[in-house]
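Fold and contact review
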Amino acid sequence: METKDIDFSKLSPMMKQYFEVKNKYKNHILFYRLGDFYEMFFDDAIIASRELELTLTGRDCGLEERALCAVCLTTPATFI
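Read on for an overview of the structure.

Before going further, it helps to examine the pairing of strand β2 (residues 37–41). Pairing between strand β1 (residues 32–34) and β2: three bridges, direction antiparallel. Note that in β2 the partner of arginine 33 across the bridge is tyrosine 38.

See below:
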């Protein structure tokens, strides 16, 4: 998802923060820590779910497109 296509006024505060960080690391898959998980969103989630054999799901974030996958906080080394 291109940031130019996003209406930031519709995003939750968490997703606004996610995009602030993601914009600094555009060419990397961002493992974004939320509680007991590292979550990946949008294109990162699609790539990670395919390459790491993770379940692709979604989260309500104020946008129609909302791909998500996650790994448990205690197991990221298994996937990196």
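Quick look at the pattern of salt bridges now. Per the counting criterion, the structure on display carries two salt bridges. The shortest N-O distance in the salt bridge between aspartate 44 and lysine 22 comes to 2.8 Å. Of this pair, aspartate 44 sits in helix α2 (residues 42–52) while lysine 22 sits in helix α1 (residues 13–22), and the two are 22 residues apart along the sequence. With relative accessibility at 7%, the residue aspartate 44 sits in the buried group. A relative accessible area of 11% places lysine 22 in the buried class. With its nearest N and O atoms 3.1 Å apart, the salt bridge here joins glutamate 51 to arginine 50. For the pair glutamate 51 and arginine 50, a shared accessibility class is recorded, and that class is exposed.

The subject of this paragraph is the pairing of strand β4 (residues 67–72). Strand residues, when the strand is regular, have side chains that alternate between the two faces of the sheet. Relative to β4, β2 is paired through five bridges, and the arrangement is antiparallel. Each bridged residue has a counterpart across the sheet, and for phenylalanine 41 the counterpart in β4 is leucine 68. The pairing of strand β3 (residues 57–58) with β4 spans two bridges and is antiparallel. Pairing of threonine 57 across the sheet is with leucine 68, part of β4.

So, on to unusual backbone geometry. Phi angles above zero are rare outside glycine, and phenylalanine 42 is one such case at about 55°. Here phenylalanine 42 falls in the buried class, since its relative accessible area comes to 3%. Look at glutamate 53: it is not a glycine, yet its phi comes out positive at around 55°. By the element assignment, glutamate 53 lies in the loop between α2 and β3.

About the thresholds
Residues numbered from 1 in each chain as written. Predicted model: local features only at pLDDT ≥ 70, side-chain atom pairs only at ≥ 80, totals over all residues. Heavy atoms only, no water. Pairing = 2+ DSSP bridges. Helix = DSSP H or I, 4+ residues; strand = E, 2+ residues; numbered from the N terminus. Salt bridge = Lys/Arg side-chain N within 4 Å of Asp/Glu carboxyl O. Buried < 20%, exposed > 50% of the residue type's maximum accessible area, 1.4 Å probe, protein only.

Shape descriptors only; they carry no functional weight alone.
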